[in-house]
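Residues per chain, in single letters:
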Amino acid sequence: MDNIVVIGSQWGDEGKGKIVDILTENADLIVRFQGGNNAGHTLVVNGKTFIFHLIPSGILHTSKTCLIGNGVVLDPEVLCKEIDTLAKENIFIDPNRLKISKKTHIIMPYHKLLDSAREQYKSGKDKIGTTGRGIGPCYEDKMARIGIRAGDFQNLNFLKQKIEKALIEKNILFKHLYKIEPVSTEKVFEQIEPYAKRLVPFLTDVSEEIQKAQQQNKTVLFEGAQGTHLDIDHGTYPFVTSSNTVAGSAATGSGSSVRNLKRIIAIVKAYTTRVGSGPFPTENNNEEGNYLQQKGAEFGATTGRKRRCGWLDLVILRESLRLNGPTEIALTKLDVLGGLKEIKICTAYEYQGKTIYYPPQEENALENVKPIYQTLPGWEEDISQLKTFNELPKNTQNYIQTIEKLLNIPIKIISVGPGREQTIWR
């Protein structure tokens, strides 16, 4: 099987975890290549729900190796808690099953403190809706070349020196701008030392692991977090995440050649959701939006916040297709649309007196577009137990085929429920 990249094509929460979990059956290595624990993947296996924030979704397959790449920012406390939580379910993780790149940047306690202080300092539309988990400040330190990396855990004296350097500027901000107590090097070191010692055995050269797999004709599955329109460069800036979420970052975030990225699957939720602030042209603040929110159980896996809900937006999906170059689509949560008499698809925008088919590129311009809809008949039937495309109601088939025609890309995987078995393959 070709190597596969799985990416979200909307604003995250598209159901990537389930698709990765299914595809893992035919993969050998699963690599998480960007983001941090501000993302959450929810899996339902044999009626039991698992939520992962850092560990790749493939960890539930005991014969597979999971890798955390250099493009990830890792909170060691969260990772250790995930390992311990899985152990309570008799899923035991050792360094043979989970490996961490020595180049992975570490979220430190002062990153989370800075993240929360900043967000509280803002008001109104200036609030980004950050999860406060230190993701942005950690990436900032990475770019400022003062970041703590997982490989630093191997030398505790060196680790302490780097913490001291990183705190010089931050303590000035804490004391003089945000009016909170400065942070001591010793206290931070005491907090991080136990996790550092515990995680050292998991450290490896992820790039080398991928190369060895390639030489042995093994299959690598690259797993992204969030969605295309949260990408730091290509998303709805400034209401974005702090990393590149597009398919190309699978190479840079794992230390793999782009030539290894053969098959790219764009995960598309059958409607659109968004968590936090930012423009959302097809948002439904009405009965239909509430219906999608309730039936789809649209709550953030990480924050528990209600997700904003609306109709499928093909304009942002066209942008996703040209940014990621997917070979196919996996359509998720199609069952949630059941029970609606009519279903709308946004096919274009009206913007400054013109009809446009791709999002305007200026900052906040998406707040000033008017969606143009095509209305399709809905269906009443429960599709959650159906196994083939031909078993689906005609109106459901029509919805799928309309998306394929308008986007000119095949939908090869259809999810009709949260369980592994609730999947139709075409």
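As a reminder, the structure under discussion sits directly above these lines.
Counting restarts for each chain: residues are numbered from 1 in the order of the written sequence. Only residues with pLDDT of at least 70 are given local features in this predicted model, and only at 80 or more are side-chain atom pairs given and counted; all residues enter the totals for whole chains, interfaces and linings. To obtain the side-chain values, all non-hydrogen atoms of the structure were included, while hydrogens and water were left out.

**Overview of the pattern of salt bridges**
Here is the rule we go by: Put simply, a salt bridge is a Lys or Arg side-chain nitrogen that is within 4 Å of an Asp or Glu carboxyl oxygen. Numbering of helices and strands starts at the N terminus; helices are DSSP runs of H or I of at least 4 residues and strands are runs of E of at least 2. Any residue under 20% of the maximum accessible area for its type is buried, any over 50% is exposed, and the rest in between are partly exposed; the area is computed with a 1.4 Å probe on protein chains only.
By the definition in use, this model includes 18 salt bridges. Here Glu140 makes a salt bridge to Arg118, at a shortest N to O gap of 2.6 Å. Here Arg118 lies in helix H3 (residues 109-121) and Glu140 lies in helix H4 (residues 135-144), a separation of 22 residues in the sequence. Look at Arg118 and you get partly exposed, because its relative accessible area is 22%. In this structure, a network of salt bridges that share partners links the residues Asp13, Lys269, Glu298, Arg307 and Lys333.

**A word on the state of the cysteines**
Simply put, the disulfide is a covalent bond whose two ends are the sulfur atoms of two cysteines. How we decide: The term disulfide is used for any two cysteine sulfur atoms that are within 2.5 Å.
Per the counting criterion, the structure on display carries zero disulfides. Between Cys80, a cysteine without a disulfide, and Cys138, which holds the nearest cysteine sulfur, the sulfur-to-sulfur distance is 16 Å. Given a relative accessible area of 2%, Cys80 falls into the buried group. Cysteine Cys309 shares no disulfide, and the gap to the nearest cysteine sulfur, in Cys346, comes to 16 Å. Taking the relative accessible area as the measure of exposure, Cys309 reaches 3% and is therefore buried.

**Quick word on helix H1 (residues 16-23)**
Of all eight residues that make up H1, eight are buried, and the element is covered over most of its length. Within the sequence span of H1, burial applies to Lys16, Gly17, Lys18, Ile19, Val20, Asp21, Ile22 and Leu23.

**Some points on the packing of aromatic side chains**
The following threshold applies: Pairing of aromatic rings covers Phe, Tyr and Trp, the last through its six-membered ring, and needs centres within 6.5 Å; plane angles under 30 degrees mean stacked, over 60 mean edge-to-face, and all others mean tilted. In this analysis the charged atom, NZ for Lys or CZ for Arg, is taken to sit over a ring once it is within 6 Å of the ring centre and within 35 degrees of the ring normal.
Evaluation of the coordinates by the stated rule reveals three aromatic pairs. Measuring from ring centre to ring centre gives 5.5 Å for Trp11 and Phe280, while their planes differ by 55°; the resulting arrangement is tilted. Taken together, the residues span a long stretch of sequence, with Trp11 in the loop between strand S1 (4-8) and H1 and Phe280 in the loop between strand S12 (272-274) and helix H9 (287-295) at a distance of 269 residues. The pair formed by Trp11 and Phe280 is uniform in burial state, with each residue classed as buried. The residue whose ring lies beneath Lys160 is Phe189, and the NZ or CZ to ring-centre distance is 4.6 Å. Looking at Arg426, its charged tip hangs above the ring of Phe389, at a distance of 4.1 Å from the centre.

**Some thoughts on unusual backbone geometry**
The amide bond that connects Tyr237 to the next residue, Pro238, takes the cis arrangement and shows omega of 10°. Along the chain, Pro238 falls in the loop between strand S10 (220-223) and helix H8 (249-252). Positioned with a positive phi, Asn217 is a non-glycine residue whose angle comes to about 60°. If you check the backbone angles, Lys333 has positive phi at about 55° while not being a glycine. Of note, Lys333 is situated in the loop between strand S15 (328-332) and strand S16 (342-351).

**A closer look at the packing of H3 against H4**
Quick reminder of the rule: Inter-axis angles, ranging from 0 to 180 degrees, are taken between N-to-C directions of lines fitted to C-alpha atoms, where helices are fitted over the stretch in contact. Each angle receives one of four descriptions, namely roughly parallel if under 35 degrees, roughly antiparallel if over 145, roughly perpendicular if within 65 to 115, and oblique otherwise. Throughout, a crossing is termed right-handed when the near helix is turned clockwise from the far one, and left-handed when it is turned anticlockwise from it by less than a right angle. Every residue pair with non-hydrogen atoms within 4.5 Å of one another is taken to be in contact. Put simply, Ala, Val, Leu, Ile, Met, Phe, Trp, Tyr, Cys and Pro go in the nonpolar bin, Asp, Glu, Lys and Arg in the charged bin, and everything else, Gly too, in the polar bin.
Packing of H3 against H4 leaves a shortest axis separation of 7 Å and a crossing angle of 120°. As the angle between them shows, H3 and H4 are arranged oblique. As for the relative orientation of H3 and H4, their crossing is right-handed in sense. Contacts between H3 and H4 involve Tyr110, His111, Leu114, Asp115 and Arg118 from the first element and Ile135, Pro137, Cys138, Glu140 and Asp141 from the second. For the contact of H3 with H4, the per-class residue count stands at five nonpolar, one polar and four charged.

**Section: the packing of helix H2 (residues 76-88) against helix H6 (residues 185-199)**
In the contact formed by H2 and H6, the axes pass within 9 Å of each other and the chain directions differ by 55°. Judged by the angle between their axes, H2 and H6 are oblique. You can see that H2 and H6 cross each other, and the crossing is left-handed. Side by side, H2 and H6 meet where Pro76, Glu77, Leu79, Cys80, Ile83 and Asp84 of the first sit next to Ile192, Tyr195, Arg198 and Leu199 of the second. Its residues assigned to classes, the contact of H2 with H6 comprises seven nonpolar, no polar and three charged.

**Here's the deal with the side chain of Gln226**
Stated precisely, the cut-off is as follows: N or O atoms closer than or at 3.5 Å make up a polar contact, with two conditions inside protein: a donor-capable atom paired with an acceptor-capable one, and, for residues adjacent in sequence, both atoms drawn from side chains.
Relative to the helices and strands, Gln226 is located in the loop between S10 and H8. Side-chain polar atoms of Gln226 contact the side chain of Gln34, separated by 3.4 Å. Leave out the neighbours within four places in its chain, and Gln226 touches Gly8, Gly12, Glu14, Lys16, Gln34, Gly35, Asn38, Ala39, Thr241, Ser243 and Thr245.

**Things to note about the nonpolar core**
As a reminder of what qualifies: Residues belong to a common nonpolar core when they are buried Ala, Val, Leu, Ile, Met, Phe, Trp, Tyr or Cys residues joined through side-chain atoms within 4.5 Å.
By size, the foremost hydrophobic cluster in this structure holds 55 residues, and its most contacted members are Leu79 and Ile163. Not counting chain neighbours up to four residues away, the residues in contact with Ile163 comprise Met108, Tyr110, Ile148, Thr185, Val188, Phe189 and Ile192. Counting 49 residues, the second largest nonpolar core, distinct from the first, contains Phe33, Leu331, Leu334 and Trp379.

**Quick look at the pairing of strand S2 (residues 29-32)**
The line we're drawing: In this scheme, strands are said to pair when DSSP sees at least two bridges between them.
Both faces of S2 are covered, namely the face carrying Leu29 and Val31 and the face carrying Ile30 and Arg32. Bridge analysis of S2 against strand S5 (residues 65-68) gives four bridges, and the strand direction is parallel. Residue Val31 lies in a different strand from S5, and its bridge partner there is Leu67. Examined bridge by bridge, S2 and S10 share four bridges and lie parallel to one another.

**Structural notes on the pairing of S10**
Burial along S10 is two-sided: Val220 and Phe222 and Leu221 and Glu223, pointing in opposite directions, are all buried. Judged from the three bridges that link them, S1 and S10 form a sheet pairing that is parallel. Following the sheet pairing, Val6 is matched in S10 by Glu223.

**Concerning helix H10 (residues 314-324)**
With nine of eleven residues buried, H10 lies mostly within the body of the structure. The complete set of buried residues in H10 reads Leu314, Val315, Ile316, Leu317, Arg318, Glu319, Ser320, Leu321 and Asn324. Turning to H10, the residues buried within the fold contact S1, strand S11 (263-269), strand S14 (312-313), S16 and helix H11 (394-407). Taking the backbone nitrogen of Val315 as reference, a side-chain oxygen 2.9 Å away marks Asp313 as the first, capping residue of H10. Of the residues flanking the end of H10, it is Gly325, one or two places downstream, whose phi is positive at about 60°.

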